[in-house]
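Structural description and commentary
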Amino acid sequence: MSQSAPDTQAIGLVLAQLDTHGIAACYIDAAERLQLWNQAYLRFFPEHIGIVHAGWPYGDNLRHYFTTNHSHATSPRQLEDMIATSVMRHHTQTGPLDFQKLDGRWLRSQVNRFDDGGMVKTWADVTAEVLHSESSVIEALSTLQQALLCYDQEGRFRFANNRASSFFPTLISRFRPDSGFADHLRHLSAETEATEDRDILRQLAARSWPADPGPYQPLLINMRGGRVVQLEMTSTRDGGLTAVWTDMTEAHRLLAERSRAEAEATAKSEFLAVMSHEIRTPLNGVLGAIGLLDRVTLAPRDRDLLDTARGSAEHLLHLLNDILDFSKLEAGRVELEEVDFDLRRLVEGLAASLRSRVAEKGLQLDWCVAPELPAILRGDPGRLRQVLLNLLGNAIKFTERGWVRLEAGLDPASGKLQFSVADSGIGIAPEVRPLLFRHFTQGDRSITRRYDGTGLGLAICGQLAALMQGEITVESTLGQGSVFRLSLPIHAGAAAPAQPPTQPLVEMARRGASLRILVAEDNPTNQLILSTMLHELGHQVAIAGNGLEACARLRHDRFDIVLMDMQMPEMDGMAASRTIRAMAEPYASVPIIAITANALAGDRERCLAAGMDGYITKPIDLPLLIQAMDQALHRRPAAVARSAAPSPGADLTPAAAKALGTLADKLKLTGAAR
């Protein structure tokens, strides 16, 4: 606490009184000169005996103390740093400060300042208190799983906890006062596995300690025997150093396993992407050709064979979709839509899509939507339809005679939206019901041959239900039928969903609204299928074998819409779409729809980001293609693409313009051949 101008005689009496209590004290005047001290001061600091005198600058007093006690263990620069730090503490000290002398004693200094700038500085021996506190700390440190080693201001060893002995058994002999941090590092460097780790420890040991105060970056060291340890260094308040060694072997192993699992998952995703593309491409040809043959008048036997081929191809597509859905769910890559939809229209569509399957088996299909349900709901109608279609498909598959019923209503107990799919089929035995929603399992192994399937359908349904914050339950009696219930939170929609276009392209074509369509596709089979489909709708079709050719054709001629494959030689569909969007108008505004076998998570988003207006996966579903084309044309009116054409290459680099111009000239010469 600050006091008025001091009375030196009174101060002398106070210093003498403090001496009787074993407290060292001295008076330093406003000019920073040592003027008075008691006998305890000389007992605490015997290095000043015969040297101390009235009027001695306190800075010289501090220099004498550090030179006497530390010059043998520190460099001149380090000694100056220690003196400067002590002088700064002397000027700024406001509370008690503990420090340890070389003889092992712990002293606690305090400062009492006067108004004129002078001060009385005191030191009390708190060795017993510190040792008691240290014993408690040491006891606590002994329970740590890390090895903890402490070093003093000169880097000399002071303390190691119990864990240090078992952590570094060969280092125990060096836990002595004459060893130091650098000595320990050099010893441990001989036990490292890799040369670079050995060099790191040796370079660290070569530094003079204490170094500049931290923070220090943690180091990961590979020891022999496969052990991985982490070294963390922290400066202590008195200028010493604490080294904490942590065994990271298990964490490192788990991290390596995680990295390996992520690499395997990436490889799996890449494999699925390739397989999906490679399977969907020929499957598009198969289903496309079947669809075209379906319009031809055939003999009954040929019609049966065609239906058999279609059923097999559709089943293969269903299996492929199941595997891809399972992969996306497993990787957490499925994102739900949030749109308004008409529940009754969705249920009607489901019933209509299954009508032919039900008729083939002679079953009765009933459906009912409770009147109290909102007409418009908000959620993901696509995923809801997928779950219900799977449950209904299973009900039809496992019912030989009788009925299948779909009901939608409110669960009276929870107030949630509840769908029930009931049937009069074969039923499910109690012991196999818990297996229904597991991956790659079916209630009875024998039904695999009889009914086919991946065993993924219900597993996918269960995961999708959970993703929609719902659940699926089942009740069944063997030989009498089953009831699957899907419960979901109910969210009423705010507005009626958008109505489908009133004049789809099929009607437009029938009324003579023929479009000029550019198909960018490198596969000859897919070229044939797409061009035949579009010709039958009354449209004009031009073919480009790759993205570069598509860009050149677009600049050479006018088109109302472009159907763009993603994977093509020379220039793929993504690059071609970006090139088109960089062209001058009207070419930059032509609608582009991705027609691709890439059907994994993120493919649609990448296509849209490249400037495309729609996304259709192979095999091509003609109604979906028509709908996508119609939506794209509404978004980018076809009239824009039919406006006057500017000169080619106006907005491209000279090299790109020259390449496209050369290809366009070539196409002019070969256009008749096409």
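A brief look at the structure comes next.

Summed over the entire model, instances satisfying the criterion amount to 11 aromatic pairs. Measuring from ring centre to ring centre gives 6.2 Å for Y151 and F157, while their planes differ by 70°; the resulting arrangement is edge-to-face. Here the two residues Y151 and F157 agree in accessibility, since each one is buried. Look at F157 and F175: their rings are 5.3 Å apart centre to centre, the planes differ by 15°, and that puts the pair in the stacked class. Here F157, found in strand β8 (residues 157–160), pairs with F175, found in the loop between α6 (162–167) and α7 (181–189); they are 18 residues apart in sequence, far enough to count as distant. Assigned by exposure class, F157 and F175 land together as buried. Here the aromatic residues Y41, F45, Y65, F66 and W123 are joined through ring pairs into a cluster of three or more. For R105, the ring lying beneath its charged end belongs to F44, and the centroid distance is 5.5 Å. A cation over an aromatic ring shows up here: R405 above the ring of W403, its NZ or CZ 4.3 Å from the ring centre.

Here the focus is the pattern of salt bridges. According to the stated counting rule, one finds 20 salt bridges in the structure shown. A salt bridge links R378 to D340; the nearest nitrogen and oxygen atoms lie 2.9 Å apart. Of this pair, R378 sits in strand β14 (residues 376–379) while D340 sits in strand β12 (residues 339–342), and the two are 38 residues apart along the sequence. The shortest N-O distance in the salt bridge between K618 and D565 comes to 3.5 Å. Of the two residues, K618 is situated in the loop between β23 (614–617) and α20 (622–635) and D565 in the loop between β21 (561–564) and α18 (573–581); the sequence distance between them amounts to 53 residues. A single burial state applies to K618 and to D565, both of which are buried.

Once that is clear, we can look at the nonpolar core. Formed by 41 residues in total, the largest nonpolar core has its most connected members in L343, L384, V387, L388, F419, F484 and L486. Secondary-structure elements contributing two or more residues to this core are α11 (343–361), α12 (381–397), β15 (403–410), β16 (417–423), α14 (457–467), β17 (471–477) and β18 (481–488). With seven residues, the top contributor of residues to this core is α12. Among residues more than four places away in sequence, those in contact with L384 are F341, L346, F419, M468, L486 and L488. Grouped together as the second largest cluster of nonpolar side chains are 26 residues, F157, A182, L204 and L231 included.

Taken together, the five strands give an open sheet; going across it, the order is β13-β15-β16-β18-β17, and neighbouring strands pair in mixed fashion. Both edges of this open sheet fall to β13 (364–369) and β17, since each of them pairs with a single strand only. With strand direction ignored, the average angle separating the axes of adjacent strands in the sheet is 10°. With six bridges joining them, β13 and β15 adopt parallel strand pairing. In the strand pairing of β15, C368 is matched with E407. Packed on one face of the sheet, α12 meets β15, β16, β17 and β18 and runs near 20° to β16.

What follows covers the packing of α7 against helix α8 (residues 195–206). Two packed helices can be described by the angle between their axes and the distance between those axes. Taken N-terminus to C-terminus, the directions of α7 and α8 make an angle of 165°; their axes are 8 Å apart at the nearest point. Classified by the angle their axes make, α7 and α8 are roughly antiparallel. Relative to α8, the crossing made by α7 is left-handed. Only R198, L201, R202, L204 and A205 of α8 make contact with α7, whose side of the interface consists of A182, L185, R186, L188 and S189. Here the residues of the contact of α7 with α8 are counted per class, giving six nonpolar, one polar and three charged.

Every α-helix carries 3.6 residues per turn, so stepping three or four residues along brings you back to the same face. Within α18, the full set of buried residues consists of G573, M574, A576, S577 and I580. What you see down the axis of α18 is that its buried residues fit within an arc of 165°, all on one side. Contact partners of the buried residues in α18: α17 (547–556), β21, β22 (592–596) and α19 (603–609).

The next subject is the environment of L392. Structurally, L392 can be placed in helix α12. By relative accessible area, L392 is classed as buried at 2%. As for L392 and A422, which are separated by 30 residues in sequence, their C-alpha atoms are 8.5 Å apart. Sequence-distant contacts of L392, that is, excluding residues within four places in its chain, are made with L350, L354, V404, L406 and V421.

About the thresholds
- Residues numbered from 1 in each chain as written.
- Predicted model: local features only at pLDDT ≥ 70, side-chain atom pairs only at ≥ 80, totals over all residues.
- Heavy atoms only, no water.
- Phe/Tyr/Trp six-rings, centres within 6.5 Å; stacked < 30°, edge-to-face > 60°.
- Buried < 20%, exposed > 50% of the residue type's maximum accessible area, 1.4 Å probe, protein only.
- Helix = DSSP H or I, 4+ residues; strand = E, 2+ residues; numbered from the N terminus.
- Lys NZ or Arg CZ within 6 Å of the ring centre and 35° of its normal.
- Salt bridge = Lys/Arg side-chain N within 4 Å of Asp/Glu carboxyl O.
- Core = buried A, V, L, I, M, F, W, Y, C linked by side-chain atoms within 4.5 Å.
- Contact = heavy atoms within 4.5 Å.
- Pairing = 2+ DSSP bridges.
- Axes fitted to C-alpha atoms, helices over the stretch in contact; angles between N-to-C directions.
- Parallel < 35°, antiparallel > 145°, perpendicular 65-115°, else oblique.
- Left-handed = near helix turned anticlockwise from the far one by under 90°.
- Nonpolar A, V, L, I, M, F, W, Y, C, P; charged D, E, K, R; others polar.
- Arc of directions from axis to C-beta.

From the geometry alone we can't say anything about function, so treat these as descriptive.
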